[in-house]
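# Notes for the structure review
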Amino acid sequence: QVQLVESGGGLVQAGGSLRLSCAGSGRIFSIYGMGWFRQAPGKEREFVAAITRSGGRSYYADSVKGRFTISRDNAKNTVYLQMNSLKPEDTAVYYCASERPWGGSYYSSNTYDYWGQGTQVTVSS
């Protein structure tokens, strides 16, 4: 059974930082790309960041570029999202996801076949 479990969310003031973690089990995650998405109330789920299976390349939404950093530790089956200079508009539920075997665009949610349950990030002004 494949599972992804996010942690590290919480309440933070604008300008602060949080580090999200996503621990995977039930699959050899090191052979798949991983992504982070978020969904704010009343909005569609949107791409945040993705990283290739080796960790050699990463991709970011324009809205978080320069503030967020995605990384992974394949020995721990864990992917991270370091979020700095947080803004109120970053408030959302954040989800990690594992790439499907046949790949696709990292920016599309359709590229991922397993998802975590989400972790809430709230940024106060």
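What you see is a predicted model; the values in this text were computed from it and never measured.

### A few points about the overall build of the protein chain
Scanning the protein chain for helices and strands turns up zero helices and 11 strands. The order of helices and strands in the protein chain, counted from the N terminus, is β-β-β-β-β-β-β-β-β-β-β. Computed over C-alpha atoms, the radius of gyration of the protein chain comes to 13 Å, within 12% of the 14 Å expected from 2.2 N^0.38 for 125 residues, which places it in the range of a compact globule. For the C-alpha atoms alone, the extent of the protein chain along its principal axes is close to 40 × 25 × 25 Å.

### So, the nonpolar core
Note that soluble globular proteins tend to have their nonpolar side chains buried in a common cluster. Counting residues in each nonpolar core, the largest one holds 33 residues, and the members touching the most others are Trp36, Val48, Phe68, Ile70, Leu81, Met83 and Tyr94. The greatest single-element share of this core, amounting to five residues, is contributed by strand 5 (residues 46–51). For Met83, the contacting residues outside a window of four places in its chain are Gly16, Ser17, Leu18, Leu20, Arg67, Phe68, Tyr94 and Val121.

### Structural notes on the pattern of salt bridges
This model, assessed by the stated rule, comprises five salt bridges. A salt bridge links Arg27 to Asp113; the shortest N-O distance between them is 2.7 Å. Of the two residues, Arg27 is situated in the loop between strand 3 (18–25) and strand 4 (34–39) and Asp113 in strand 10 (residues 112–115); the sequence distance between them amounts to 86 residues. Take Arg27: its relative accessible area is 13%, and that puts it in the buried class.

### Re the packing of aromatic side chains
Tallied over the entire structure, the rule returns seven aromatic pairs. In this structure an aromatic cluster arises from ring pairing among Phe37, Phe47, Tyr59, Tyr106, Tyr107, Tyr112 and Trp115. Cation over ring: Arg27 sits above Tyr32, and NZ or CZ is 4.0 Å from the ring centre. Across the ring face of Tyr95, the terminal group of Arg45 is positioned such that the distance to the ring centre comes to 4.0 Å.

Conventions adopted
- Residues numbered from 1 in each chain as written.
- Predicted model: local features only at pLDDT ≥ 70, side-chain atom pairs only at ≥ 80, totals over all residues.
- Heavy atoms only, no water.
- Helix = DSSP H or I, 4+ residues; strand = E, 2+ residues; numbered from the N terminus.
- Rg over C-alpha atoms; globule rule 2.2 N^0.38 Å.
- Core = buried A, V, L, I, M, F, W, Y, C linked by side-chain atoms within 4.5 Å.
- Buried < 20%, exposed > 50% of the residue type's maximum accessible area, 1.4 Å probe, protein only.
- Contact = heavy atoms within 4.5 Å.
- Salt bridge = Lys/Arg side-chain N within 4 Å of Asp/Glu carboxyl O.
- Phe/Tyr/Trp six-rings, centres within 6.5 Å; stacked < 30°, edge-to-face > 60°.
- Lys NZ or Arg CZ within 6 Å of the ring centre and 35° of its normal.

Just distances and angles here, no functional claims.
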